[in-house]
Amino acid sequence: MNIGLIGSGGREHALCQKISESKLCSKIYCFPGNAGTSNIAKNIDVNILNFKRLLSLLKLHKVDLVVVGPEEPLVKGLVDFLDKNNVKAFGPSKFASKLEGSKAFVKQLCKLNNIPTAKFKICRKKSQVNKFLDNNKLPVVVKADGLAAGKGVIICKTKKQVLKISEEIFKGKFKSSNKLVLEEFLDGEEASYFLVVDENKFKFFGTAQDHKRVGEYDRGPNTGGMGAYSPAPIINKEIEKKIINKIVKPTLLALKRKNEPYKGFLYVGLMIKKKEPYLIEYNIRMGDPECQVILPRLKTDIVKIFINTIKNNLKKTKIIWKKKRSMTIVLCSKGYPGIYKKNKEIKNLKKINLKKDEFIYHAGTKSSENKILSSGGRVLNITALGHNFKKIRTKIFKILKNLDWKNGFFRKDIGWRVININENNRR
Ligand code: AMP
Ligand code: GLY
């Protein structure tokens, strides 16, 4: 079958690679893809939020199944639109996508269903912010309600900062919503738990830990993610049970009760504090760069998983994982997440000979006149599999050394939480 993949990041290159390994796949079209996907698929340049144009291209290329990588088209209802136009698509509906599209929606759902999460207040005006500040300790987390391209969460150490940011959000800094959520700050260890979900069943789809801050040892501003590893040893069997019973099951049941069942990948963003999981956020898609460490560990045909999810047949799908660990390090343009230069050639890329269990997933890249150029802040994801996180990281460093990209930088401490400790505590 012909498969259409929506998106252009490292997550989509990893999805594209996995889809290309499926016996069920004849041809892949990426909308719009990147320089990496162009080696295994046909890239088609299109604005992915222009649903009508997208539909006509999907029909033109006789695409049988669409897989949506990023959140924005999902939140805007791409899956509902394709369904109505008889194109099969993997991903949640517009309603279910509110799990990522509205922080206020998720917090209310948590409150109604006793789901453990940080104490919060949904605010529409300054007096509500002041009231929360009077009754809670600092730091306070300010969250824009709607999608904010990763820029909508600010951890504030002073009341002045909370008031300033709140004011900006009320005035419409983020077009998606003028509401905000104030939250108590949860101190703990963050981890991500993934599921694939259909109307009757959900299945485990890996764990990972991301590194959000730009600087070593988690310092500096937040980014889209500087590196990740899988599995996340902190999510042991005991914690997993709590995640499923206290968080996942009540959420999926609440959506079912609204006649809006969830379908697709579900990313459960957690803070683990004193062996108790708290929901920080839901994402309605695979993580980026978490996808780049989870998919290389997957043995089962991913297209079979997509088809069976759409048919509500997940129950019959056995999902099998390699007994190996994985890590990815993100090579970024110098200056990211601030201002950085684009269109810088990555000269040595073609000279790199990858061995078994080594991958380079492209993120912000494009090809031009037979050259690979950078086109974003996060440029390449260097990924490797193995049995020991430290050795995996050494393999990745070797590739980065050979790449020797003068315009880039990367965090040298990815995996610091698990290297030298916990090496034998494999899932
Ligand atoms: P979110 O988009 O909600 O995941 O927030 C982005 C990042 O902010 C998370 O990955 C956490 O590192 C941090 N964060 C969000 N909410 C909290 C909280 N209540 N306590 C501590 N850190 C938080
Ligand atoms: N790595 C964080 C995210 O995908 O949202």
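Scroll up a little and you will see the structure.
All of the points below concern the structure found in this document. (Residues numbered from 1 in each chain as written. Chains lettered and ligands numbered in written order. Predicted model: local features only at pLDDT ≥ 70, side-chain atom pairs only at ≥ 80, totals over all residues. Heavy atoms only, no water.)

1. A few points about the pairing of strand β9 (residues 180-184)
Counting buried positions along β9 yields four of five residues, so the element is predominantly enclosed. Direction of pairing for strand β7 (residues 140-144) relative to β9: antiparallel, over a ladder of five bridges. Counted as the bridge partner of Ala-144 is Leu-180 from β9. (Buried < 20%, exposed > 50% of the residue type's maximum accessible area, 1.4 Å probe, protein only. Helix = DSSP H or I, 4+ residues; strand = E, 2+ residues; numbered from the N terminus. Pairing = 2+ DSSP bridges.)

2. Section: the packing of aromatic side chains
By the definition in use, this model includes 15 aromatic pairs. The interplanar angle of 55 degrees and the centroid separation of 4.5 Å between the aromatic rings of Phe-90 and Phe-306 together place this pair among those described as tilted. Linking Phe-90 in strand β5 (residues 88-90) with Phe-306 in helix α11 (residues 302-310), this pair joins segments that are 216 residues apart in sequence. Look at Phe-306 and you get buried, because its relative accessible area is 0%. Ring geometry for Phe-265 against Phe-306: centres 6.0 Å apart, planes inclined by 75 degrees, an arrangement best described as edge-to-face. With Phe-265 in strand β15 (residues 264-273) and Phe-306 in helix α11, the pair connects residues that are 41 residues apart, well separated along the chain. A single burial state applies to Phe-265 and to Phe-306, both of which are buried. Taken together through their ring pairs, the aromatic side chains of Phe-90, Tyr-193, Phe-204, Phe-205, Phe-265, Phe-306 and Trp-321 make up a single cluster. One cation-aromatic arrangement involves Lys-412 over Phe-410; the distance from NZ or CZ to the ring centre is 4.8 Å. (Phe/Tyr/Trp six-rings, centres within 6.5 Å; stacked < 30°, edge-to-face > 60°. Lys NZ or Arg CZ within 6 Å of the ring centre and 35° of its normal.)

3. Considering the site of ligand 2
Around ligand 2 sit Asp-210, Lys-212, Gly-224, Tyr-267, Asn-283, Arg-285, Gly-287, Asp-288, Pro-289 and Glu-290, and those are all the residues in its vicinity. Backbone polar atom of Gly-224 to a nitrogen atom of ligand 2: 3.4 Å apart, as the coordinates give it. Contact between ligand 2 and Glu-290: a nitrogen atom at 2.8 Å from a side-chain N or O atom of the residue. Here ligand 2 has 200 Å² of accessible area as a free molecule, and 89% of this is covered by the chains. Residue composition of the shell around ligand 2, by class: two nonpolar, three polar and five charged. (Near = heavy atom within 4 Å. Polar contact = N/O pair within 3.5 Å; in protein donor to acceptor, adjacent residues only side chain to side chain. Areas by Shrake-Rupley, 256 points an atom, 1.4 Å probe, with all protein chains shown as cover. Nonpolar A, V, L, I, M, F, W, Y, C, P; charged D, E, K, R; others polar.)

4. Description of the environment of Asn-34
Note that Asn-34 resides in the loop between β2 (27-32) and β3 (42-43). Placed 341 residues apart in sequence, Asn-34 and Ser-375 show a C-alpha to C-alpha distance of 9.2 Å. With near-sequence residues (within four places) excluded, Asn-34 lies in contact with Ser-8, Gly-9, His-13, Asn-43, His-362, Ala-363 and Thr-365. Among the polar contacts listed, one links the side chain of Asn-34 to the backbone oxygen of Ser-8, at a separation of 3.1 Å. (Contact = heavy atoms within 4.5 Å.)

5. Points about the pattern of salt bridges
Summed over the entire model, instances satisfying the criterion amount to 22 salt bridges. A salt bridge links Arg-11 to Glu-12, with the nearest nitrogen and oxygen atoms 2.8 Å apart. Residue classification places Glu-12 among the buried positions, given a relative accessible area of 2%. One salt-bridge network, held together by shared partners, links Glu-238, Lys-242, Lys-246 and Glu-276. (Salt bridge = Lys/Arg side-chain N within 4 Å of Asp/Glu carboxyl O.)

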